[in-house]
Every structure is written in C-alpha cells, then in structure tokens.
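Single-letter residue listing:
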Amino acid sequence: MENIIRIAVQKSGRLSDDSLRLIKECGIKFYNGTGKLKSSSTNFPIEFLFLRDDDIPGYVADGVADLGIVGENELVEKDKDVTTLKKLGFSKCRLSLAIPKGQDYPGLSYFEGKNIATSYPKILGDYLKANKIQASIHEISGSVEIAPSIGLAEGICDIVSSGSTLMMNGLKEVEQIFKSEAVLIANKNLNNWQTEIIDKLLFRMNAVQQGKMNKYVLLNAPNEALDKIVSLIPGMRSPTILPLAQSGWSSVHSVLNEDQFWENIEELRAAGAEGILVVPIEKMIL
Ligand code: ATP
Ligand code: MG
C-alpha cells in the first residue's frame, strides 16, 4: 500500500479555483502547472488528480481517487456510492426549471405532457416523479438554454446562479428544484492510515472555515461598561481585557461570528464601546 491519498479536483471550471485555494489555505503546498493531470504535494502525503467534474463521483466510488471535491448537483445526478464528508460553502448554485418568457405559468402542471431539456435527467426525473408530473426528458450535455428556441423542448432544467443566461435566451425561471454547493466526498473503503490522513486534512479545513466565519474584534471601553460588553462578546472562552494607558479605560479583544457581526457591533456601541477594530482570522482551532 503506497502511503499517499489521492484527491480528485476539477481540472478547469467553476470549482477549480476555490478547491485549490482551500487546499492551499490548509498549508498544503503543491505545483499546479497548467495542463497537468497529476500533481503531488511537497509537505503533505496527497496527490491531486485533475479531472472533469462529471467523472469525479465515479472515480471516488471506484477508489481511483480516495477523496474528491464536486458540486452536489453532479454528485446526486451521478448517484454513486460515496461518503459526503463536508459541505465546502463555495460554487453555490441551484437547478431550476425555466420556460419561455412569454408563456403563462400556471404551476407545475405546465410541464404535463411536455418536453424538458436538461443535463440532469436523474434529478429532474426524481423531481417530476415526486410531483406526479408526466413529461419527457431530453438529455443534452450542454447549451441546454437554447433548446426551447430551436423547438427541442418547451422548458429546460439547468443550473442557475444569477439568472442572466436565462434572460439572454428569452427564458424565465419558474421552479427551483435543487440547491447545490461544493462538497468533499470520500471513498467508502479507506484503510486506517488513509482515514488518519483525511482526518488531519478535515481538521485543517475546519480551522480555515471557522476562521472565515469569525472576526477578531478589538475595542476600547470605559471600565464601568466592561461587564455589559463582556456579556455581548463572550468569545471562545472569554474576552481578553487589557488596561489602556489612560486610566479608567480598557481594551477588550474577542472573537465574533460573522453572521451576528453587525447586530453585535450596534449593541457594543450602545454599551459604550469605541475605537472598534475588526480583523480577519486566517485559521481558528476550537
Ligand atoms: P467540466 O469541464 O469539468 O465537466 P462543467 O462545464 O461541467 O465542467 P462548470 O461550469 O465548471 O462545469 O461547473 C462546475 C460546477 O460548479 C457545477 O456542477 C456546479 O456545481 C457549480 N456551478 C455551476 N455554475 C455555477 C455558477 N454560475 N456559480 C457557482 N457555481 C456554479
Ligand atoms: Mg461537467
């Protein structure tokens, strides 16, 4: 057994940059020469396979790769037996049904007896079945959005992020049927050594993700406001409080969740905090 784990990442496309950035942020160094199909790291026992995203679920299921980064849309569509280890928070998009702009849309019954073009026959088929709609699915591998204008279908099911491609092709989105983001997947038959290395990688990914979700906050406050302020920003264990040179004042350092950030800042100001600095966190280990 060679002591290396293999990860499949998209060679070039909407997943590639963020996948490689995440791995770099985990402190893993590698050379990513354009056109290369394989690469390995100089400081972590990992090898990269650069593939089309369509092939990633299959390669991970077959054990050609131990790990993969792929969109949930592709993963569910390919229906392979793999483990999803982690949602990665990038390449967010949705699969939607769309119809020509000028058509009235009475609801899903619009699609009854119609032709729908898509590259996602499984996800669409499952959705239609669950909603008891009989329609015929035309599988095409690309440029799905032109199908209605060339008379191939009365509707399409495709990936939407901003909706501008639909608009350019005279279509309107009528139903969202699936939400997707990039996920880390793994083969189901890993040995102990591989599991150990993957746990190390996951530990690093979690630290990077936690860091992104939180901010380091520094502020000045009059000492009489400290109790209130500490209760507003409890931090990881508790905030650091340091005396300022000016007596009666302290500096408070803590960590705030990005989601609560603006709300908390308002409350802190109201409690007497001033000179508030917010600093990004690179990695955070809880
Ligand atoms: P490949 O050549 O590897 O088969 P592709 O053309 O099938 O690539 P991309 O367009 O690069 O695929 O998209 C890869 C994945 O990124 C999609 O499966 C989806 O999960 C996600 N994605 C697609 N479009 C967008 C978008 N506009 N915004 C964010 N994520 C997207
Ligand atoms: Mg593809």
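Residues numbered from 1 in each chain as written. Chains lettered and ligands numbered in written order. Predicted model: local features only at pLDDT ≥ 70, side-chain atom pairs only at ≥ 80, totals over all residues. Heavy atoms only, no water.

Draft legend 1. Fine view of the site of ligand 1. Around ligand 1 sit 14 residues in total, of which Gln10, Arg14, Asp54, Asn73 and Ser161 are the nearest. Between ligand 1 and the protein, one listed contact pairs an oxygen atom with a side-chain N or O atom of aspartate 54 at 2.7 Å. Take asparagine 73: an N or O atom from its side chain is 2.7 Å from an oxygen atom of ligand 1. Coverage of ligand 1 by the protein chains reaches 77% of its 640 Å² of free accessible surface. In this structure the site holding ligand 1 corresponds to the largest pocket. Counted by class, the shell around ligand 1 contains three nonpolar, six polar and five charged residues. (Near = heavy atom within 4 Å. Polar contact = N/O pair within 3.5 Å; in protein donor to acceptor, adjacent residues only side chain to side chain. Areas by Shrake-Rupley, 256 points an atom, 1.4 Å probe, with all protein chains shown as cover. 1 Å grid on protein atoms, 1.4 Å probe; cavity = no way out; pocket = protein on both sides within 12 Å on 5 of 7 lines; lining within 4 Å. Sits in = over half its atoms within 2 Å of the grid points. Nonpolar A, V, L, I, M, F, W, Y, C, P; charged D, E, K, R; others polar.)

Draft legend 2. Summary view of unusual backbone geometry. One non-glycine residue, lysine 132, adopts positive backbone phi at about 55 degrees. A positive phi angle is found at serine 143, which is not glycine, with a value near 45 degrees. Tracing the backbone through its elements, the reader meets serine 143 in the loop between strand E8 (136–139) and strand E9 (155–160). (Helix = DSSP H or I, 4+ residues; strand = E, 2+ residues; numbered from the N terminus.)

Draft legend 3. Seen up close, the pairing of strand E11 (residues 182–186). Most of E11 sits inside the fold, with five of its five residues counted as buried. In E11, alternate side chains face the same way, and those of Ala182, Leu184 and Ala186 on one face and Val183 and Ile185 on the other are all buried. Strand direction decides the pairing type here: strand E5 (residues 83–87) and E11, joined by four bridges, are antiparallel. In the sheet register, threonine 84 faces E11, and the bridge partner there is isoleucine 185. (Buried < 20%, exposed > 50% of the residue type's maximum accessible area, 1.4 Å probe, protein only. Pairing = 2+ DSSP bridges.)

Draft legend 4. Quick look at the coordination of the magnesium ion (ligand 2). Donor atoms from the polypeptide that coordinate the magnesium ion (ligand 2) comprise Asp53 (OD) and Asp54 (OD), at 2.0 to 2.1 Å from the metal. Owing to a relative accessible area of 25%, aspartate 54 belongs among the partly exposed residues under this scheme. (Donors = N, O, S within 2.8 Å, 3.2 Å for Na, K, Ca; no water.)

Draft legend 5. Representation of the sheet that holds strand E3 (residues 46–51). In space, the six strands of this open sheet follow the order E2-E3-E1-E4-E11-E5, with mixed pairing throughout. Two strands in the sheet have a free side with no partner beyond their single neighbour: strand E2 (38–40) and E5. Neighbouring strand axes in the sheet, compared pairwise and without regard to direction, differ in orientation by 25 degrees on average. Across six bridges, strand E1 (residues 5–10) lies against E3 in parallel orientation. In the strand pairing of E3, glutamine 10 is matched with leucine 51. Of the strands in this sheet, E1, E3 and strand E4 (67–71) touch helix H1 (residues 16–25), which is tilted by about 145 degrees from E1. (Axes fitted to C-alpha atoms, helices over the stretch in contact; angles between N-to-C directions. Contact = heavy atoms within 4.5 Å.)

Draft legend 6. Fine view of the layout of surface pockets. The calculated volume of the largest pocket comes to roughly 1000 Å³. The wall of the largest pocket is formed by 35 residues, among which Arg14, Asn73, Tyr120, Asp158 and Ile159 lie closest to the centre. Breaking the lining of the largest pocket down by element, the ones donating at least two residues are helix H3 (72–78), E9 and helix H5 (164–168). Of the residues in the lining of the largest pocket, the class split is nine nonpolar, 14 polar and 12 charged. By volume, the second largest pocket amounts to about 320 Å³. Along its surface, the second largest pocket is lined by Asp18, Arg21, Leu22, Glu25, Leu88, Gly89, Phe90, Lys92, Val208, Gln209, Lys212 and Met213. Breaking the lining of the second largest pocket down by element, the ones donating at least two residues are H1 and helix H6 (192–213). (Points joined across faces, edges and corners; volume = space filled by probe spheres on them.)

Draft legend 7. Geometry of helix H8 (residues 261–271). Regarding H8, the residues found buried are Phe261, Asn264, Ile265, Leu268 and Ala271. Buried positions in H8, seen along its axis, are confined to an arc of 125 degrees and lie on one side of it. Away from the buried face of H8 by more than 90 degrees, exposed residues Trp262, Glu263, Arg269 and Ala270 are located. Looking at the packing, one finds that the buried side of H8 touches strand E12 (214–222), helix H7 (226–232), strand E14 (249–257) and strand E15 (274–280). (Arc of directions from axis to C-beta.)

Draft legend 8. Layout of the sheet that holds strand E13 (residues 240–243). Ordered by their spatial adjacency, four strands build an open sheet running E13-E14-E12-E15, and the pairing between neighbours is antiparallel. The outermost strands of the open sheet, each flanked by one partner alone, are E13 and E15. Ignoring strand direction, the axes of neighbouring strands in this sheet form an average angle of 20 degrees. Taken together, the five bridges between E12 and E15 define a ladder with antiparallel strand orientation.

Draft legend 9. Representation of the pattern of salt bridges. Within this structure, the stated rule accounts for 11 salt bridges. Residue arginine 94 pairs with glutamate 173 through a salt bridge whose shortest N-O separation is 2.7 Å. With arginine 94 in strand E6 (residues 93–100) and glutamate 173 in strand E10 (residues 171–180), the pair connects residues that are 79 residues apart, well separated along the chain. According to the relative accessible area criterion, glutamate 173 is partly exposed, its value standing at 29%. Linking glutamate 282 and lysine 283 is a salt bridge whose minimum nitrogen-to-oxygen distance equals 2.9 Å. (Salt bridge = Lys/Arg side-chain N within 4 Å of Asp/Glu carboxyl O.)

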